[in-house]
Amino acid sequence: MRYADETGPDGAAPGTQRSSRRSFIRSTSAGVTAVALGASVAAAAGPPAHAAEEAAPGARRDTRPLAVTPACSGHETPASIEGPLFKPNSPERSDLITPAIQGVRLDLSGVVYDTSCKPLPETLIEFWQCDQNGDYDTSGFSLRGHQYTDSRGAYRLRTIIPRDYWGRWGQRAPHIHTQVQASGGPVLITQLYFPDTTQAYGRDFAALNAADRLLNRACTIRLTGPEGDRYTGAFDFVITTTV
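Computed from a predicted structure; not experimentally measured.

Q: Please clarify how the sheet that holds strand β7 (residues 176-181) should be interpreted in this entry.
A: Across a sheet, paired strands are connected by hydrogen bonds in the backbone, their directions being either parallel or antiparallel. Strand order across the open sheet formed by four strands is β3-β2-β7-β8, with antiparallel pairing between neighbours. Pairing within the sheet leaves two strands with one partner each, and these edge strands are β3 (144-148) and β8 (188-192). Pairs of neighbouring strands in the sheet enclose a mean axial angle of 20 degrees, with direction left out of account. Judged from the five bridges that link them, strand β2 (residues 124-128) and β7 form a sheet pairing that is antiparallel. The residue of β7 that forms the bridge with I125 is V180.

What follows is the structure, encoded as structure tokens:
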């Protein structure tokens, strides 16, 4: 069943952020602490190859670790509208593929950071989207689910690239609805989009993206592939943790 309304129940305008309709009450254990930003970065690296080549013969190579570059900008991920099709009480799962789903596969992963670029374990992430035909499941929970980030603040999602459809705001480019919330913090409501070069369902993603009034390029998934009928994507969220 296809739906054509992209505004929230209160008619909120694009970019409006509201409190979640589901309170995030799952608490973390007292011993859990945020992982240091550089935990997943290699501990040491030598100088660039050209620098070694230019050094005098027999010169001692500098093996001191390079400075860690922050993996996030520190700027909060832009918010967007929730739309009317959010459903509470979705199943906790990271794999949204069911037998009825026949779209182009997407393996999406990333990290949730706070605005100081610290990874956030046990952060709630909710995903919901339409299917390969541009339809949302409103009677069940197909292509809907929530999960919690792991000890490194990371998440993984197995899903498909959604189809475009027509809504109140015109023709919507393919997108994935998302809510992200640290325990006790405000909810970030946003939508994730796909690069212009994406190939799926014979659709022109560049034209669809250009025509979508709600699209925010800052929320574009970093996509690699396709390999066969499967893409690999990455997107890191930056959220506020205090109300």
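Read on for the rest.
Q: Help me out: how do you make sense of unusual backbone geometry in this one?
A: For residues that are not glycine, phi is negative in most cases, and the peptide bond is trans in most cases. Cis geometry marks the peptide bond from G225 to P226, where omega comes out at 10 degrees. Structurally, the position occupied by P226 is in strand β9 (residues 222-227). For L143, which is not glycine, the phi torsion reads 55 degrees and is therefore positive. A positive phi angle is found at Y201, which is not glycine, with a value near 60 degrees. Within the secondary structure, Y201 sits in the loop between β8 and α2 (205-211).

Criteria and thresholds
Residues numbered from 1 in each chain as written. Predicted model: local features only at pLDDT ≥ 70, side-chain atom pairs only at ≥ 80, totals over all residues. Heavy atoms only, no water. Pairing = 2+ DSSP bridges. Helix = DSSP H or I, 4+ residues; strand = E, 2+ residues; numbered from the N terminus. Axes fitted to C-alpha atoms, helices over the stretch in contact; angles between N-to-C directions.

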